[in-house]
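Here is how the chains run, residue by residue.
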Amino acid sequence: MSESLPILRIEVVESPIDVAGLLQEVSRPDAGAIALFLGTVRNHSPQRQGVTHLEYEVYRSQVRDKIGRIAAEALERWQVLAATVEHRVGRVDVGGVAVAVAVSSVHRAEAFAAARYLIDELKERAPIWKKEHWDGGAEWSLGS
């Protein structure tokens, strides 16, 4: 097992998320597992069909700190070797990646649990708003 502190990076980005880069970033020689979650934009929501894209805004002065606290909680609970979280801002078209969480650990159970905790808590607690666009309208909501 690695003796160094877990490597953690949290970013809010305007350009497409580099999934291969995230996997490389959390990869470690002592890692037996990497869990990757990608939140993608779909063409419908529970309320309507025909979604064309989402638009994300964040409270920039707080979002990294909030996600950082969530990540610190995950690192206290599970043996994580490395973790990274990236969230898009601006327009994300259908099929595009809006949020990515990558976690490496020695064993898969920790990687899965930490990744799930990170995305679930981020959606619940991070100051991120999305505007759902469809043919003929748009609507804002809290959450990623």
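In short, a report on the structure. Computed from a predicted model, the values in this text were never measured in an experiment.

## So, the overall build of the protein chain
Consideration 1: Broken down by element type, the protein chain carries three helices and eight strands.
Consideration 2: Mapped from its N terminus to its C terminus, the protein chain presents α and β elements in the order β-α-β-β-α-β-β-β-α-β-β.
Consideration 3: Computed over its C-alpha atoms, the radius of gyration of the protein chain comes to 16 Å, within 12% of the 15 Å expected for a compact globule of 144 residues.
Consideration 4: Along the longest, intermediate and shortest principal axes, the C-alpha atoms of the protein chain span 55 × 25 × 25 Å.
Consideration 5: A total of 144 residues make up the protein chain; the buried ones form 40% of that total.
Consideration 6: Taking the intrachain contacts of the protein chain between residues at least 6 apart in sequence as the baseline, contacts between residues at least 24 apart amount to 74%.
Consideration 7: With an accessible surface of roughly 7,900 Å², the protein chain has 49% of that area assigned to carbon and sulfur atoms.

## Remarks on a nonpolar patch on the surface
Consideration 1: There is a patch of nonpolar side chains on the surface, built from Leu-23, Ile-34, Leu-36 and Leu-38 and spanning about 270 Å² of accessible area.
Consideration 2: In this structure Leu-23 comes out as partly exposed when scored by relative accessible area, which is 32%.

## A short note on helix 2 (residues 60-77)
Along an α-helix, a turn takes 3.6 residues, which lines up residues three or four apart on a common side.
Consideration 1: With 18 residues, helix 2 extends 27 Å between its outermost C-alpha atoms, agreeing within 8% with the 26 Å of an ideal straight helix rising 1.5 Å per residue.
Consideration 2: Against the buried residues of helix 2 lie strand 1 (7-13), strand 3 (51-58), strand 4 (80-88), helix 3 (108-125) and strand 7 (128-134).

## Examining the sheet that holds strand 6 (residues 97-105)
Consideration 1: Strand order in this open sheet of four strands is 1-4-6-2, and the pairing throughout is mixed. The sheet is open, and its two edges are formed by strand 1 and strand 2 (33-40), each paired on a single side. The sheet shows a mean angle of 5° between the axes of neighbouring strands, taken without regard to direction.
Consideration 2: Pairing analysis gives seven bridges linking strand 1 to strand 4, with the strands arranged parallel. Of the residues in strand 4, the one forming a bridge with Arg-9 is Thr-84.
Consideration 3: Seen against the sheet, helix 1 (residues 19-26) touches strand 1, strand 2, strand 4 and strand 6 and runs at an angle of roughly 160° to strand 4.
Consideration 4: Against the sheet, helix 3 touches strand 2, strand 4 and strand 6, its axis set at about 150° to strand 6.

## A short note on the environment of His-44
Consideration 1: Note on placement: His-44 falls in the loop between strand 2 and strand 3.
Consideration 2: Of the residues examined, His-44 reaches a relative accessible area of 32% and is grouped as partly exposed.
Consideration 3: Separated by 39 residues in sequence, His-44 and Ala-83 place their C-alpha atoms 30 Å apart.
Consideration 4: A distance of 3.0 Å separates the side chain of His-44 from the side chain of Asn-43, its partner in a polar contact.

Thresholds, definitions, all that
- Residues numbered from 1 in each chain as written.
- Predicted model: local features only at pLDDT ≥ 70, side-chain atom pairs only at ≥ 80, totals over all residues.
- Heavy atoms only, no water.
- Helix = DSSP H or I, 4+ residues; strand = E, 2+ residues; numbered from the N terminus.
- Rg over C-alpha atoms; globule rule 2.2 N^0.38 Å.
- Buried < 20%, exposed > 50% of the residue type's maximum accessible area, 1.4 Å probe, protein only.
- Contact = heavy atoms within 4.5 Å.
- Areas by Shrake-Rupley, 256 points an atom, 1.4 Å probe, with all protein chains shown as cover.
- Patch = residues over 30% accessible without salt bridge, like charges linked within 9 Å, V, L, I, M, F, W, Y side chains within 5 Å.
- Salt bridge = Lys/Arg side-chain N within 4 Å of Asp/Glu carboxyl O.
- Expected span 1.5 Å × (residues − 1).
- Pairing = 2+ DSSP bridges.
- Axes fitted to C-alpha atoms, helices over the stretch in contact; angles between N-to-C directions.
- Polar contact = N/O pair within 3.5 Å; in protein donor to acceptor, adjacent residues only side chain to side chain.

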